[in-house]
Amino acid sequence: MTKHAFILLSHPERPGKFANPLTYAAQLDAAGHEARVYFDGAATYWFEDIEDRPAPAREAYERAKDEALIAGVCDHCATFKGVAAAVEAEGFEIDGTEHAPDVAALADEGYEIHTV
């Protein structure tokens, strides 16, 4: 089976940019592949006013979260964009200001990296 890491960089104003890769990660996981999702850059704004996000994107996010496919949120981006508290309210830890994910480490571990 293959390994896939989805790095969400897009602003949540484009809900398809969220719903689609979250859905793809869930489909890959269900088929036995390894899938991880990371929120980075403008995508960290997703956690701000999350209850107001469009239903298809929110439902895809909830499924990915429930299936433990979300591997992390960039501490640096969440902190400097002022959304760290909202990220932590969703159950993700923000520990300092380290930039994540380490794409070189993911590549070394055999992950195909998809950026959206």
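So, a few notes on the structure that sits alongside this text. (Residues numbered from 1 in each chain as written. Predicted model: local features only at pLDDT ≥ 70, side-chain atom pairs only at ≥ 80, totals over all residues. Heavy atoms only, no water.)

Bringing unusual backbone geometry into the picture now. The omega torsion across Ala100 and Pro101 is 5°, close enough to zero to call that bond cis. Mapped onto the secondary structure, Pro101 falls in the loop between helix H4 (84-89) and helix H5 (103-108). Even without a glycine there, the phi angle at Asp49 is positive, about 55°. Position of Asp49 relative to the elements: it lies in the loop between strand S2 (34-39) and helix H2 (55-66). Its relative accessible area of 47% is what places Asp49 among the partly exposed residues. Unusually for a residue other than glycine, Ala68 sits at a positive phi of about 60°. Structurally, Ala68 can be placed in the loop between H2 and strand S3 (70-73). (Helix = DSSP H or I, 4+ residues; strand = E, 2+ residues; numbered from the N terminus. Buried < 20%, exposed > 50% of the residue type's maximum accessible area, 1.4 Å probe, protein only.)

This part covers the sheet that holds strand S1 (residues 3-8). In spatial order, the strands read S3-S2-S1-S4; together these four strands make up an open sheet with parallel pairing. Every other strand in the sheet has two partners, leaving S3 and strand S4 (111-115) as the edge strands with one partner each. Taking each pair of neighbouring strands and ignoring which way they run, the sheet shows an average axis angle of 20°. Pairing of S1 with S4 involves five bridges; the strand directions are parallel. Within S4, the position partnered with Ala5 by the bridge is Ile113. Contacting S1 and S2, helix H1 (residues 16-30) runs over the sheet at an angle of about 165° to S1. (Pairing = 2+ DSSP bridges. Axes fitted to C-alpha atoms, helices over the stretch in contact; angles between N-to-C directions. Contact = heavy atoms within 4.5 Å.)

Here we come to the environment of Asp108. Mapped onto the elements of the fold, Asp108 is located in helix H5. Classification of Asp108 by relative accessible area gives exposed; the value is 70%. Between the C-alpha atom of Asp108 and that of Leu8, which follows or precedes it by 100 residues, the distance is 20 Å.

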